[in-house]
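Descriptive analysis of the structure
Each chain, letter by letter, is given below.
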Amino acid sequence: MKPAHVENTVRARIPTRHGEFLLYYYENDIDGKEHLALVKGEVAGRAGVPVRLHSECLTGDVFGSQRCDCGEQLEEAMRLIGASECGVLLYLRQEGRGIGLFKKLQAYNLQDKGLDTVDANLKLGHQADERDYRIAALILKDLGVDSVRLITNNPKKIAELERYGVQVDERIPIEVGHTQENWRYLKTKAEKMAHLLSLKKP
């Protein structure tokens, strides 16, 4: 089996309210999807680079759904990186924890009938979380990042990056509060998926 490969095929300047970034467009021979790296400053050869691995969430990132905290986490991660000398936000095309938008919406319907996010995925014949971070590790290596300070509440992301050879120096928490709509979703992440959250019922 040949080694996995990612390739940056184009990049463009992206001015935002959190500062100016370069957006790198990556192609790969693993899943055929287009993954993105939003890069602030010079990261090649740098240690302790602030990095966020953000999995695509159309409903939260674009439409502002309150069923999750994804949109708020994306905004906060951009703010944190924008305020830093350098940093990377990887936008990974892994909708619905890897099960895709169609199945994610089906899972939402099951959640409205009483299942939590984990049990809904299992009911649909999927794992609780099917995301893979090998592409993320390859992109960070392609960018020349020596080590990262990972912006996450999810210990699995740290373990996965380290498994693929990326040194994680530190975890930066990213809690953005909760609402009545996403309280159960966050509670499930803390209790069933070991996310590091300090929750108080709204």
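Remember, predicted model here, so these are calculated numbers, not experimental data.

1. Looking at the UniProt feature "binding site: GTP" (unreviewed entry) in the chain
According to UniProt, the "binding site: GTP" (unreviewed entry) feature falls on Arg52, Leu53, His54, Ser55, Glu56, Gln73, Glu95, Gly96, Arg97, Thr117, Thr152 and Lys157. Within the annotated group, the residues that form the lining of the largest cavity are Arg52, Leu53, His54, Ser55, Glu56, Gln73, Gly96, Arg97, Thr117, Thr152 and Lys157. On the secondary structure map, Ser55 appears in strand E4 (residues 49-55). Of the residues examined, Ser55 reaches a relative accessible area of 10% and is grouped as buried. By the secondary structure assignment, Gly96 is in the loop between strand E5 (87-92) and helix H3 (101-112). Of the residues examined, Gly96 reaches a relative accessible area of 16% and is grouped as buried. When near neighbours in sequence (up to four residues on either side) are disregarded, Gly96 contacts Glu56, Lys104 and Asn121.

2. Remarks on the pairing of strand E7 (residues 167-172)
Examined bridge by bridge, strand E6 (residues 147-151) and E7 share 5 bridges and lie parallel to one another. In the sheet register, Val148 faces E7, and the bridge partner there is Val168. Each parallel crossover has a hand, and the one from E6 via helix H6 (residues 155-163) to E7 is right-handed.

3. Some remarks on the nonpolar core
Counting residues in each nonpolar core, the largest one holds 28 residues, and the members touching the most others are Val88, Leu143 and Leu161. It is helix H5 (residues 134-142) that provides the largest number of residues to this core, a total of 5 residues. With residues near it in sequence (within four places) discarded, Leu143 still touches Tyr24, Tyr26, Ala37, Val39, Val43, Ala44 and Val88.

4. Remarks on unusual backbone geometry
In the Ramachandran plot, Arg97 falls in the positive-phi region, its phi being about 55° despite a non-glycine side chain. As for its placement among the helices and strands, Arg97 is situated in the loop between E5 and H3. Its identity as a non-glycine residue notwithstanding, Ala194 has a phi of 65°, on the positive side. Mapped onto the elements, Ala194 comes out in the segment after helix H7 (183-192). Residue Ala194 is classed as partly exposed on the basis of its relative accessible area, which comes to 45%.

5. Focus: the UniProt feature "active site" (unreviewed entry) in the chain
Following the UniProt record, the feature "active site" (unreviewed entry) maps to Asp129 and Arg131 here. Of the annotated set, the members that line the largest cavity are Arg131. Here Asp129 shows up in the loop between helix H4 (117-123) and H5. Asp129 sits in the buried class, given a relative accessible area of 9%. If near-sequence neighbours (up to four positions away) are discounted, Asp129 is found in contact with Arg97, Lys156 and Met193. Tracing the sequence through the fold places Arg131 in the loop between H4 and H5.

6. A few points about the sheet that holds strand E1 (residues 6-16)
Pairing within the open sheet is mixed, and its 7 strands lie in the order E1-E2-E3-E5-E4-E6-E7. Both edges of this open sheet fall to E1 and E7, since each of them pairs with a single strand only. Looking at each pair of strands side by side, their axes are set apart by 25° on average, direction ignored. As paired strands, strand E2 (residues 19-28) and strand E3 (residues 35-40) are joined by 5 bridges and run antiparallel to one another. Paired with Leu22 across the bridge in E3 is Val39.

7. Examining H7
At 3.6 residues per turn, the α-helix brings residues three or four places apart onto the same side. Residues of H7 that are buried include every one of Trp183, Tyr185, Leu186, Thr188 and Lys189, and no others. In this structure, the buried side of H7 is in contact with helix H2 (70-82) and H4. Trailing H7 by a residue or two, Ala194 shows a phi angle of about 65°, which is positive.

8. Points about the layout of surface pockets
Put simply, the largest pocket is a space of about 230 Å³. Contributing to the lining of the largest pocket are Arg67, Gln111, Asp112, Leu115, Asp116, Thr117, Gln180, Glu181, Trp183, Arg184, Tyr185 and Thr188. Elements with a contribution of two residues or more to the lining of the largest pocket: H3 and H7. Tallying contributions element by element places H7 first for the lining of the largest pocket, with 4 residues. Residue composition of the lining of the largest pocket, by class: 3 nonpolar, 4 polar and 5 charged. Size it by volume and the second largest pocket reaches roughly 190 Å³. Lining the second largest pocket are 13 residues; nearest its centre among them are Asp31, Gln94, Glu130, Asp132 and Ile135. Looking at the lining of the second largest pocket residue by residue, the classes come out as 4 nonpolar, 3 polar and 6 charged.

The rules behind the values
- Residues numbered from 1 in each chain as written.
- Predicted model: local features only at pLDDT ≥ 70, side-chain atom pairs only at ≥ 80, totals over all residues.
- Heavy atoms only, no water.
- UniProt positions renumbered as here; feature names shortened; annotations may be inferred.
- 1 Å grid on protein atoms, 1.4 Å probe; cavity = no way out; pocket = protein on both sides within 12 Å on 5 of 7 lines; lining within 4 Å.
- Helix = DSSP H or I, 4+ residues; strand = E, 2+ residues; numbered from the N terminus.
- Buried < 20%, exposed > 50% of the residue type's maximum accessible area, 1.4 Å probe, protein only.
- Contact = heavy atoms within 4.5 Å.
- Pairing = 2+ DSSP bridges.
- Right-handed = clockwise from strand over helix to strand, strands pointing away.
- Core = buried A, V, L, I, M, F, W, Y, C linked by side-chain atoms within 4.5 Å.
- Axes fitted to C-alpha atoms, helices over the stretch in contact; angles between N-to-C directions.
- Points joined across faces, edges and corners; volume = space filled by probe spheres on them.
- Nonpolar A, V, L, I, M, F, W, Y, C, P; charged D, E, K, R; others polar.

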